Amino acid sequence: MSSNSTLETLSEQRCFGGVQGVYRHRSSVTGTPMRFAAFVPPGKGPFPVLWFLAGLTCTEENFTTKAGAQRYAAEHGLILIAPDTSPRGDDVPDDAAYDFGKGAGFYVDATQAPWSANFRMRSYIEDELPTVVAAALPVDMERQGIVGHSMGGHGALTVALRNPRRFRSVSAFAPIVSPLNCPWGEKALTGYLGQDRATWRAYDACALIADGARVPEILVDQGDADRFLAGQLKPELLADACHRAGIDLTLRMQSGYDHSYYFISTFIADHIAWHAARLG
């Protein structure tokens, strides 16, 4: 970690020849302290960067401690960045349910009170955090990829589709491909954005593709034993949207796998190698 007065180092450990750190900074976008994890591989860099967006109820810790990704990032010479999933703090509004409020930011910029004051995760991920990371870490911002899980898979797909010149690669594990067409998405987008479904389209991968957004290719792994598959995830909607748009989608249905980090840890090596090949 380079010297950066805006960052507080919460922890740093040696890991596969590199350094796994957790850092905190004051976000002007969310109006709260925000945490993120960063793995920097051995060497001088600058390194390509792979962003990982986590799912409902998660923090930066879940991917960092459960996915086993550092070994493969070190082998391929990639920096891994794992942000938190929402703003935190006693003054931040919350909801009693697991799928709304803290831990469930859905990577949107909320427009409805009281959420609009803090829940601006789209701007945080797309604008503010990259600036913080670029100032502190040996990253090559010309070589960026993004991956996510579940709600974070939705985030990765939509962020990449809105910013195709920034991201050279995008993949997902069990993504929510169309929040307009599932209970998780309908609840979150109504609460954060209001009743006008037209405003939701910027946060729905299938709608973005239908409206003209393009990336060259997408990799998705989905477990066929995932209890959320039929009701919430609906990968067939993404397959149809990509087919219509001519996007090269590799959708791998993995027999017997569920929605957990056991599933992610099994296939994370494939995803990191896939991104590394495209990030040069």
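Everything here concerns the structure above.
Criteria and thresholds
Residues numbered from 1 in each chain as written. Predicted model: local features only at pLDDT ≥ 70, side-chain atom pairs only at ≥ 80, totals over all residues. Heavy atoms only, no water. Core = buried A, V, L, I, M, F, W, Y, C linked by side-chain atoms within 4.5 Å. Buried < 20%, exposed > 50% of the residue type's maximum accessible area, 1.4 Å probe, protein only. Helix = DSSP H or I, 4+ residues; strand = E, 2+ residues; numbered from the N terminus. Contact = heavy atoms within 4.5 Å. Pairing = 2+ DSSP bridges. Axes fitted to C-alpha atoms, helices over the stretch in contact; angles between N-to-C directions. Salt bridge = Lys/Arg side-chain N within 4 Å of Asp/Glu carboxyl O. 1 Å grid on protein atoms, 1.4 Å probe; cavity = no way out; pocket = protein on both sides within 12 Å on 5 of 7 lines; lining within 4 Å. Points joined across faces, edges and corners; volume = space filled by probe spheres on them. Nonpolar A, V, L, I, M, F, W, Y, C, P; charged D, E, K, R; others polar. Disulfide = S-S within 2.5 Å.

This part covers the nonpolar core. Core analysis: the largest hydrophobic core is formed by 96 residues, its most contacted members being Ile-81 and Tyr-192. Looking at this core element by element, the count peaks at eight residues for helix H9 (residues 261–279). With sequence-adjacent residues up to four places away left out, Tyr-192 is seen in contact with Phe-100, Gly-101, Ala-104, Gly-105, Phe-106, Val-108, Ala-110, Thr-111, Gln-112, Trp-115 and Phe-119.

Strand order in the open sheet formed by nine strands is E1-E2-E3-E5-E4-E6-E7-E8-E9, with mixed pairing between adjacent strands. Looking along the sheet, the strands with just one partner apiece sit at the ends: strand E1 (7–15) and strand E9 (248–254). When the angles between neighbouring strand axes are averaged without regard to direction, this sheet yields 20°. In this sheet, strand E5 (residues 79–83) lies alongside strand E3 (residues 33–40) in antiparallel orientation, the contact comprising four bridges. Residue Ala-37 lies in a different strand from E5, and its bridge partner there is Ala-82. In the packing of H9 onto the sheet, the strands contacted are strand E4 (47–53), strand E6 (139–149), strand E7 (167–173), strand E8 (217–223) and E9, and the crossing angle to E7 comes to about 165°.

Before going further, it helps to spend a moment on the pattern of salt bridges. Per the stated rule, a full pass over the model turns up twelve salt bridges. Note that Arg-24 is salt-bridged to Glu-8, the shortest N-O span being 2.9 Å. Here Glu-8 lies in strand E1 and Arg-24 lies in strand E2 (residues 18–26), a separation of 16 residues in the sequence. Ionic pairing is found between Glu-126 and Arg-122, a salt bridge with its closest N-O pair at 3.4 Å. Remark: Arg-122 and Glu-126 occur in helix H3 (residues 121–136); sequence separation between them is four residues, near one turn of the helix. By relative accessible area, Glu-126 is classed as buried at 12%. By relative accessible area, which is 24% here, Arg-122 ends up partly exposed. Residues joined in a network through salt bridges with shared partners are Arg-122, Glu-126 and Arg-162.

Moving on to the layout of surface pockets. In this structure, the largest pocket spans a volume of roughly 330 Å³. Secondary-structure elements contributing two or more residues to the lining of the largest pocket are helix H1 (60–66) and H9. Ranked by residue count, the leading element in the lining of the largest pocket is H9, at three residues. Its residues placed into classes, the lining of the largest pocket shows seven nonpolar, eight polar and two charged.

So, about the state of the cysteines. By definition, a disulfide links two cysteine residues through a covalent bond between their sulfur atoms. In the structure shown here, the tally under the stated rule is zero disulfides. You can see Cys-58 has no disulfide; the closest cysteine sulfur is in Cys-182, sitting 16 Å from it. On the accessibility criterion, Cys-58 (7% relative accessible area) is buried. For Cys-242, which is in no disulfide, the shortest distance to another cysteine sulfur is to Cys-206 and amounts to 7.4 Å.

Moving on to unusual backbone geometry. The omega torsion of the bond from Gly-45 to Pro-46 falls at 5°, within 30 degrees of zero and hence cis. Mapped onto the fold, Pro-46 is located in the loop between E3 and E4. Between Ala-113 and Pro-114 the backbone carries a cis peptide bond, its omega angle lying at 0°. Tracing the backbone through its elements, the reader meets Pro-114 in the loop between E5 and H3. Of note, the phi angle at Thr-57 is positive, near 75°, even though the residue is not glycine.

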